[in-house]
Structures are given as C-alpha cells and as structure tokens.
Amino acid sequence: LFRSHFSSRPPFEAMISTRDSSLILIGGFLTSILFASIVGLWGSNRDRAQSLTRVNRDLQQALQERQQAEQNLDRLFRLSPDILCVLNRRGELHQANPAFRKLLGYDVEHWVGRDFIRLFHPQDREAVKLAIQEVNLGRPVTPRLDLSCPRADGTDCWIEWSCVTAAWEGLLYA
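To keep things clear, this report deals only with the structure shown in the data block. Just so it is clear, the model here is predicted, and its values are computed rather than measured.

The next subject is the pairing of strand β7 (residues 156-161). On β7, burial follows the alternation: Cys157, Ile159 and Trp161 on one face are buried, whereas Asp156, Trp158 and Glu160 on the facing-out side are not. In the sheet, strand β6 (residues 145-150) pairs with β7 via six bridges, with the strands oriented antiparallel. Looking across to β7, one finds that Leu147 is bridged to Ile159. Where β6 folds back onto β7 in an antiparallel hairpin, the turn is made up of five residues, including Gly154, whose phi is positive at roughly 95 degrees.

Take a look at the structure:
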C-alpha cells in the first residue's frame, strides 16, 4: 500500500509513497499513530505496550532534537552579521534578521509583504527579478550577484546576494 522514505528531513517527518506515486509528508505523531495501528494488528498486549513505549521514547527524543535544532537556527538567524531574508515565491519579504535593520537602517516590519526587489537600486532590479525566477524554477543563482542597495539614510551599500529555495515550502532564502 505504501512505502516510507526517510531522508535528510527532521527525524519526526516521513514521506509516504502511495500506489499512484504521489508523496505525502507526514509528521511524527501521525507516523506514531500509523505505526501503533500496525503493531496493534498483531502481537500480544505486552508486545504492543513495549512497541508503543519505544515509539513514544523515540518521538520524545526526536522532539527534543528538533527543538534544539530550531533554537540553534533561531540563534544563528538572530546573531548573524550578514543579512538573512525569507521571501515568498513572488519575491515579497516574509522575514529578515536584525542585520537587515543594522546594515540598511530599515524597519523589517515596513518591508514585510512588500516587493523585495524594490529594495535594490533600479539598475539592479532586473538581475534580482531574473535570479528569483531562476530559483523558482529550481535553478541555483550562480554566480552570486553584487548589488547596490540604498540605505535608509540615502547612502549606498553593496551586497553580495544569493538565493536558494526549499521547493516544498514555497519560500526563498536570501
């Protein structure tokens, strides 16, 4: 009926292939319920209890590891001296780290939901637009782009810019 594929995703997520080759991403709790249901079909009560105890322990460990990884990523995002941004596929700013304000002088909240391309000097906007289109098609931006970005105080700042995507999320990371 299905096959489970584990990859570089966090340990509590799994991809399930159905007969028609479609893939479904499921979280650990669903995986646990699925596993527990399968175990419940056969085996003694003791076997089922031991299996469920192991599954619960594994899920708790995976949850702790996931929480630690999220804390580490959040710390990296907040403390990075480089500007880190998350964009949607249309190129609108979704999130930026504190370096955005520190280096450019803009409030992040002002730019959230706005066209990120407008942040750059008009002569560089077409290059950014093309790069975002390429990333949306699954192609990496190479080489990195050197772009002029006007700061809030009117001075210019040069940024070495690159962008990648996680296709299943629909987000771009710059």
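Let's shift gears to the sheet that holds strand β4 (residues 85-88). Strands sit in the order β5-β4-β9-β8 across an open sheet of four strands; the sheet is antiparallel. Edge positions in the open sheet fall to β5 (93-96) and β8 (164-166), since each of these has one partner strand only. Within this sheet the neighbouring strands show an average axis-to-axis angle of 25 degrees, counted without direction. The pairing of β8 with strand β9 (residues 171-173) spans three bridges and is antiparallel. Its bridge partner being in β9, Thr165 is matched across the sheet by Leu172. Together, β4, β8 and β9 form the strand contacts of helix α5 (residues 125-136), whose direction differs from that of β9 by roughly 120 degrees.

Under the criterion given, the structure shown has four aromatic pairs. For the ring pair Phe120 and Trp161, a centre distance of 6.3 Å and an interplane angle of 70 degrees mean the geometry is edge-to-face. Of this pair, Phe120 sits in the loop between α4 (108-111) and α5 while Trp161 is found in strand β7, placing the two residues 41 residues apart along the sequence. Across the pair, exposure class does not vary: Phe120 and Trp161 are buried alike.

Now for the pattern of salt bridges. Applying the stated criterion to the full structure yields five salt bridges. Its salt-bridge partner being Arg101, residue Asp107 comes within 2.0 Å of it at the nearest N-O pair. One salt bridge connects Arg144 with Glu160, and the closest N-O pair in it is separated by 3.5 Å. With Arg144 in the loop between α5 and β6 and Glu160 in strand β7, the pair connects residues that are 16 residues apart, well separated along the chain. As far as the burial class goes, Arg144 and Glu160 line up, both exposed.

Here is what the cut-offs are and how they apply
- Residues numbered from 1 in each chain as written.
- Predicted model: local features only at pLDDT ≥ 70, side-chain atom pairs only at ≥ 80, totals over all residues.
- Heavy atoms only, no water.
- Buried < 20%, exposed > 50% of the residue type's maximum accessible area, 1.4 Å probe, protein only.
- Helix = DSSP H or I, 4+ residues; strand = E, 2+ residues; numbered from the N terminus.
- Pairing = 2+ DSSP bridges.
- Axes fitted to C-alpha atoms, helices over the stretch in contact; angles between N-to-C directions.
- Contact = heavy atoms within 4.5 Å.
- Phe/Tyr/Trp six-rings, centres within 6.5 Å; stacked < 30°, edge-to-face > 60°.
- Salt bridge = Lys/Arg side-chain N within 4 Å of Asp/Glu carboxyl O.

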